[in-house]
Amino acid sequence: MKLSKLLCAAAFGCLLASPAFAQNQIVIKFSHVVAPDTPKGKGAEKFKELAEARTNGKVKIEVYPNSQLYKDKEELEALQLGAVQMLAPSLAKFGPLGAKEFEVFDLPYIFPSKEVLVRVTNGPVGKQLFQKLESKGITGLAYWDNGFKIMSANKPIHLPTDMKALKLRIQSSKVLDSQMRALGALPQVMAFSEVYQALQTGVVDGTENPPSNMYTQKMHEVQKHATLTNHGYLGYAVIVNKKFWDGLPADVRTQLEGAMKDATTFANDIAQKENDDALAAMKASGKTEFYTPTKEETDAWRKALLPVHKEMEGRVGKELMESLYKEAAAAGFKM
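What counts and what doesn't
Residues numbered from 1 in each chain as written. Predicted model: local features only at pLDDT ≥ 70, side-chain atom pairs only at ≥ 80, totals over all residues. Heavy atoms only, no water. Salt bridge = Lys/Arg side-chain N within 4 Å of Asp/Glu carboxyl O. Helix = DSSP H or I, 4+ residues; strand = E, 2+ residues; numbered from the N terminus. 1 Å grid on protein atoms, 1.4 Å probe; cavity = no way out; pocket = protein on both sides within 12 Å on 5 of 7 lines; lining within 4 Å. Points joined across faces, edges and corners; volume = space filled by probe spheres on them. Nonpolar A, V, L, I, M, F, W, Y, C, P; charged D, E, K, R; others polar. Buried < 20%, exposed > 50% of the residue type's maximum accessible area, 1.4 Å probe, protein only. Arc of directions from axis to C-beta. Contact = heavy atoms within 4.5 Å. Pairing = 2+ DSSP bridges. Axes fitted to C-alpha atoms, helices over the stretch in contact; angles between N-to-C directions.

Novice: Please provide a residue-by-residue account of the pattern of salt bridges, values included.
Specialist: Within this structure, the stated rule accounts for 21 salt bridges. Between glutamate 49 and lysine 46 there is a salt bridge, with the nearest N and O atoms lying 3.5 Å from each other. Here glutamate 49 pairs with lysine 46, and both are found in helix 2 (residues 39–54), just 3 residues apart, close to one helical turn. Across the salt bridge formed by aspartate 299 and lysine 295, the nearest N and O atoms sit 3.0 Å from each other. With aspartate 299 and lysine 295 both in helix 12 (residues 295–305) and 4 residues apart, the pair spans about one turn of that helix. It is possible to trace a salt-bridge network through shared partners that takes in Asp72, Glu75 and Lys93.

Listed below in structure tokens is the structure:
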């Protein structure tokens, strides 16, 4: 979407959603790029339900899934301009915005368990990262989980060497770019909404996703093989336009914060089941052959990918990375 169109949409969006525009109702446009039946999609609908109920209809939440309004590269600019009020982008998207510290979430094998992840997102590190967004005109509200990623392609990929020369779709992230290059693959940055067609036509050979995203976008219909590497994490940050959020009546903002807290618990609680169910459904379809690596093969994936940590120290910050290592150590894991 061109800047002129964004500016026009922003002016109209701000007018409609301004608390001063209509005393009876405040409109919040909540845009995201995945399907409604994903953990994020269901979390957005839960927030809508809770927010509208707790504000007694004073607030209306309009949810726009599947890139109906904006694609990956457009949505953050749209939020900053006020064309939408709320997003839930993947954490990798903050790197190009200038908050490259968020790319620490993209580091391969940085989270050895969900326990370590929760310690990070619910603790001081998560709060400090959200503070990085304030200067961008963005307020961070919550971290939403979508689980660990698996690799898929149209050839068997049991070992890192099987990735050599494959064109793999990634989000715009220097860490993910480095990850694919460490495997000998050719990273291709592409909007999420374009991935299915790119896989179908052979523009790219494969990609990485949690099972729920792979299934709801029907990628399993155009990928012959997938390997349960669980090599990386995919999470989201629910964010709002700071000026809009700060301008809400204090009582409404408090009600929305409560609704977001409960919607976050809901979304994060269902994430694992959604991924498990999606994996089972894809296996049952028989269209993709799923492979579980042996311990020796998993060790080979880790050996190939862990050097990315050292390579990215200068980008995401050595101290930040060490703080994640400490959380892992506190939970009994050694990196």
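Now that the structure has been shown, the text picks up again.
Novice: Outline the layout of surface pockets, supporting the account with residue identities and numerical values.
Specialist: Roughly 500 Å³ of volume is contained in the largest pocket. Lining the largest pocket are 25 residues, with Thr121, Asn122, Tyr143, Thr264 and Asn268 sitting closest to its centre. Across the lining of the largest pocket, the residue classes break down as 12 nonpolar, 8 polar and 5 charged. The calculated volume of the second largest pocket comes to roughly 280 Å³. Around the second largest pocket, the lining comprises 15 residues; the ones closest to its centre are Asp72, Lys73, Lys93, Pro96 and Ser172.

Novice: Explain helix 3 (residues 72–81) residue by residue, including any values.
Specialist: Among the residues making up helix 3, those that are buried are Asp72, Glu74, Glu75, Leu76, Ala78 and Leu79. Following helix 3 by one or two positions, glycine 82 has its phi on the positive side, about 90°.

Novice: Explain empty space enclosed by the protein to me, and be specific about the residues and the numbers.
Specialist: Applying the stated rule across the entire model yields 2 cavities of 30 Å³ or more. Its volume calculated, the largest cavity comes out at about 160 Å³. Only strand 6 (167–170), strand 8 (206–209) and strand 10 (233–241) provide two or more residues apiece to the lining of the largest cavity. For the lining of the largest cavity, the residue count by class is 7 nonpolar, 4 polar and 6 charged. Around the second largest cavity, the lining residues are Ser90, Leu91, Ala92, Phe105, Asp106, Gln171, Tyr233, Leu234 and Gly235. Partitioning the lining of the second largest cavity into residue classes produces 5 nonpolar, 3 polar and 1 charged.

Novice: Please set out helix 6 (residues 124–134) residue by residue, giving values where relevant.
Specialist: Those residues of helix 6 not exposed but buried are Val125, Gly126, Leu129, Phe130 and Leu133. One side of helix 6 carries all its buried residues, which in axial view fall inside an arc of 135°. Residues of helix 6 that are exposed and point more than 90 degrees away from the buried face comprise Pro124, Lys127 and Gln131. Where helix 6 is buried, its residues touch helix 4 (94–97), helix 5 (114–121), strand 4 (138–148), strand 10 and helix 15 (318–330).

Novice: Could you give an account of unusual backbone geometry, naming the residues involved and the relevant values?
Specialist: Residue asparagine 56 is not a glycine yet carries a positive backbone phi of 55°. If you trace the backbone, asparagine 56 turns up in the loop between helix 2 and strand 2 (59–64). Among the residues examined, asparagine 56 registers a relative accessible area of 72% and is labelled exposed.

Novice: How would you sum up the sheet that holds strand 8? Please name residues and give values.
Specialist: Read across the sheet, 6 strands follow the order 7-6-8-5-9-11 without closing on themselves; strand pairing throughout is mixed. At either end of the open sheet lies a strand with only one pairing partner, and these are strand 7 (186–189) and strand 11 (289–291). Each strand axis lies, on average, 25° off the axis of its neighbour in the sheet, ignoring direction. In this sheet, strand 11 lies alongside strand 9 (residues 225–227) in parallel orientation, the contact comprising 3 bridges. Bridged to histidine 225 within strand 11 is glutamate 289.

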